[in-house]
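Letter by letter, the chains look like this.
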Amino acid sequence: MVKTRKNTTGLKGSVRKVPLKLALLVAFLAGSSSFVFAQNLPQVLEEPGFWESTKAGRFIQNEDEEPSRASRENLPQNPEQGLGGRPEANPFAPLGIRSGNFMLRPSLEQGLRATSNSKNSSSGKNAVLSETQLRMDIQTDLPRHAAFLNLTGNWIKTISGDDVSEPFLLLNSGLRLDLDNQSRLNLGFDYMLRRESASSPNSLDVADENPLFHTLSGTVGIEREGNLLFGRADARFERNFYGDADLIGGGSISQSDRNNNYVSAKLRGGFQVSAALKPFVEVEAGKRIYDDKYDHNGFQRSGNQYAANAGLMFDLGEKFNGELSVGYLRAQLDDDRLRNVDGLAFNALVNWSPRRGTDVALNARTLVEGATTANVSGSLLYLASLEVNHNIRSNLMLTAGLDTRIRDNKDNTGFDYMYGAQIGATYWINRFVALNARLRHEQMKSDLASRDYRSNSIYVGMKLQR
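Residues numbered from 1 in each chain as written. Predicted model: local features only at pLDDT ≥ 70, side-chain atom pairs only at ≥ 80, totals over all residues. Heavy atoms only, no water.

**Looking at the overall build of the chain**
Along the chain, the regular secondary structure elements total three helices and 24 strands. Residues classed as buried in the chain amount to 32% of the 466 residues present. In the chain, the proportion of contacts linking residues at least 24 apart, taken out of those at least 6 apart, comes to 53%. Summing over all exposed atoms, the chain offers an accessible surface of approximately 28500 Å²; the carbon and sulfur share of this is 58%. (Helix = DSSP H or I, 4+ residues; strand = E, 2+ residues; numbered from the N terminus. Buried < 20%, exposed > 50% of the residue type's maximum accessible area, 1.4 Å probe, protein only. Contact = heavy atoms within 4.5 Å. Areas by Shrake-Rupley, 256 points an atom, 1.4 Å probe, with all protein chains shown as cover.)

This is the structure:
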């Protein structure tokens with residue numbers, strides 16, 4: 001028979017009676033100090049709503065107190081060192097190979113490109129090309145000073161169609177020595193190997209394959225930043241030399257009369273409007289000296305080069321930084337029969353991230369190109385590119401790019417206009433393997449009709465990284 005008794009809390013309802021032996025057993029286990037609580041345990045357990053409130057994670061100590069959160073027993077454990085924790089900003093970034101204070105990040109990409117114009121020239125034809133790229137980036141993580149070395153090697157070879165062989169090698173390296181909190185010494189060494197473009201105005205009509213072109217350069221500079229003013233001085237040495245050009249009917253022709261050295265000094269100074277804005281002015285003076293005083297046409301190609309620019313450096317953090325400048329560039333040749341190469345110069349290096357996962361990069365540069373044709377002094381070359389990368393997902397990135405190359409010929413042949421556009425995608429299978437694909441269109445429109453061309457290509461490849 002079930003007995004009922006009056007509810008001591010004043011709440012109505014009937015409850016089951018819990019044996020007193022159970023209460024005494026709990027009191028014995030908890031200690032004599034809990035004996036009073038054990039005597040009242042049956043009433044506490046039998047109160048209406050107790051089990052419902054504890055299921056919800058709440059425990060009412062008495063009628064006058066506010067409810068408080070009950071303690072959880074299944075709390076998450078702290079992650080082990082190197083595991084778990086906050087998600088990575090880029091989970092497919094290369095892990096790299098560490099050796100002391102150096103981090104090496106190698107990658108290898110192999111792909112196929114089908115193109116309607118293998119040489120990007122008026123004489124280019126259809127071809128299927130094999131493209132291999134090897135990259136190695138090395139950086140230090142020292143508390144003071146910094147060093148880096150970036151190596152990129154490309155090899156393009158015909159599988160079918162028009163015969164093409166294009167090697168490319170680029171090495172950039174630098175060392176920064178922190179002399180004190182405001183002064184730094186910068187050292188740099190670069191090397192580039194490439195084949196001269198078939199669309200270049202210096203390309204030989206009788207050449208089956210244009211010559212290889214080598215550039216070696218070294219820089220030494222010092223910079224100092226004060227509370228208001230900053231300045232920088234750089235000295236640069238550059239060596240350019242060419243291989244032989246292979247002729248269509250066999251044999252070759254030397255291009256050694258194009259070999260030259262360039263020595264220059266550059267000064268930059270400005271003031272800080274704020275921590276983010278730094279306007280500056282920059283001047284450069286240089287001397288180009290050819291190995292041969294006269295080229296094969298009997299012209300002197302050596303001369304002086306000057307440049308003056310005004311610009312703005314800005315740094316608003318990772319979201320927006322870079323520099324812009326505009327100025328005047330002039331190359332004056334020693335031969336009085338050759339006119340000067342001069343004009344406006346535009347330079348830009350801008351990085352912008354309008355939202356997380358989207359990066360925009362703008363680059364622009366102005367160069368002086370030499371010439372090999374009689375009575376032609378050279379040209380001004382304007383280069384610009386705009387690239388957008390957007391992560392649709394952590395393992396899927398879409399890319400789009402526009403680029404242009406405008407050549408102001410100083411031989412009364414007008415301008416050459418090259419425009420390029422491409423779209424692509426990179427899909428990461430895991431952190432070490434990715435698939436790449438891209439479409440590209442390129443077109444040259446020149447005031448000299450023989451330089452016009454159009455090219456369409458599609459590329460698919462696989463990338464491995466560590």
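**Digging into the pattern of salt bridges**
One side chain can pair with another of opposite charge once the charged atoms of both are near each other. Applying the stated criterion across every chain yields a total of 28 salt bridges. Each of Arg184, Glu223, Glu225, Arg232, Asp234 and Lys278 takes part in one network of salt bridges that share partners. (Salt bridge = Lys/Arg side-chain N within 4 Å of Asp/Glu carboxyl O.)

**Observations regarding the sheet that holds strand β13 (residues 252–253)**
Taking strand neighbours across the sheet as the criterion, the three strands line up as β9-β12-β13 in an open arrangement whose pairing is antiparallel. The outermost strands of the open sheet, each flanked by one partner alone, are β9 (207–209) and β13. (Pairing = 2+ DSSP bridges.)

**Here we look at a nonpolar patch on the surface**
Together, Leu108, Leu134, Tyr427, Ile429, Leu435, Met462 and Leu464 make up a nonpolar patch on the protein surface, roughly 600 Å² of accessible area in all. With respect to the helices and strands, the residue Leu464 is situated in strand β24 (residues 453–465). (Patch = residues over 30% accessible without salt bridge, like charges linked within 9 Å, V, L, I, M, F, W, Y side chains within 5 Å.)

**A look at the packing of aromatic side chains**
Geometry of an aromatic ring pair is reported as the spacing of the ring centres plus the angle between the planes. Enumeration over the complete set of coordinates arrives at five aromatic pairs. An angle of 20 degrees between the planes, with centres 5.8 Å apart, marks the rings of Phe415 and Tyr417 as stacked. Just above the ring of Tyr242 sits the side chain of Arg258; from NZ or CZ to the centre is 4.1 Å. One cation-aromatic arrangement involves Arg337 over Phe299; the distance from NZ or CZ to the ring centre is 4.1 Å. (Phe/Tyr/Trp six-rings, centres within 6.5 Å; stacked < 30°, edge-to-face > 60°. Lys NZ or Arg CZ within 6 Å of the ring centre and 35° of its normal.)

**Points about the pairing of strand β8 (residues 183–195)**
Relative to β8, strand β7 (residues 165–178) is paired through 10 bridges, and the arrangement is antiparallel. Looking across to β8, one finds that Leu169 is bridged to Leu193. Counted between consecutive antiparallel strands, the loop separating β7 from β8 contains four residues. When β8 meets strand β10 (residues 212–225), the two strands line up antiparallel, connected through 13 bridges.

**Here's the deal with a negative patch on the surface**
Taken together, the side chains of Asp163, Asp208, Asp244 and Asp246 make up a negatively charged region of the molecular surface. If you trace the backbone, Asp163 turns up in the loop between β6 (146–161) and β7. (Lys, Arg positive; Asp, Glu negative; His and termini not counted. Charge placed at Lys NZ, Arg CZ, Asp CG, Glu CD.)

**Observations concerning the nonpolar core**
Judged by nonpolar contacts, Ala307, Leu329, Ala331, Val341, Ala345, Leu380 and Tyr382 together constitute the single largest core of seven residues. Secondary structure elements with two or more residues in this core: β17 (320–333), β18 (341–355) and β20 (379–393). Ignoring anything within four residues of it in the chain, the contact list for Ala345 reads Asn309, Ser325, Val326, Gly327, Tyr328, Leu329 and Thr366. (Core = buried A, V, L, I, M, F, W, Y, C linked by side-chain atoms within 4.5 Å.)

**Considering the side chain of Glu131**
Following the sequence through the fold, Glu131 ends up in strand β5 (residues 127–140). Glu131 has contacts with Glu109, Gln110, Gly111, Arg113, Trp155, Ile156, Arg438 and Tyr459, leaving out every residue within four places of it along the chain.

**Here's the deal with unusual backbone geometry**
Even without glycine at this site, His145 takes up a positive phi of about 70 degrees. In this structure, His145 sits in the loop between β5 and β6. Even without being a glycine, Asn375 presents a positive backbone phi close to 65 degrees. For Asn375, the position within the fold is in the loop between β19 (358–369) and β20.

**Some points on the confidence of the model for the chain**
The share of residues in the chain with pLDDT of 70 or more is 81%, and the mean pLDDT across the chain is 84. Low confidence marks residues 22–72, where pLDDT is under 50. Its contacts with residues over four positions away, or in another chain, come to 35 contacts. (pLDDT = per-residue confidence, 0-100.)

**Quick notes on the pairing of strand β21 (residues 396–409)**
Pairing analysis gives 14 bridges linking β20 to β21, with the strands arranged antiparallel. Of the residues in β21, the one forming a bridge with Val388 is Ala400. Pairing geometry for β21 and strand β22 (residues 415–428), over 13 bridges, is antiparallel. Of the residues in β22, the one forming a bridge with Leu396 is Tyr427.

**Remarks on the environment of Arg356**
Relative to the assigned elements, Arg356 resides in the loop between β18 and β19. Between the C-alpha atom of Arg356 and that of Asn391, which follows or precedes it by 35 residues, the distance is 8.7 Å. Aside from chain neighbours lying at most four places away, what touches Arg356 is Ala89 and Lys319.

**Describing the environment of Asn395**
Inspection of the secondary structure puts Asn395 in the loop between β20 and β21. Sequence separation between Asn395 and Pro91 is 304 residues; the distance between their C-alpha atoms is 8.1 Å.

**A look at the environment of Phe148**
Mapping Phe148 onto the fold places it in strand β6. Judged by its relative accessible area of 36%, Phe148 is partly exposed. Counting along the chain gives 10 residues from Phe148 to Ile138, while the straight-line C-alpha distance between them is 5.5 Å.

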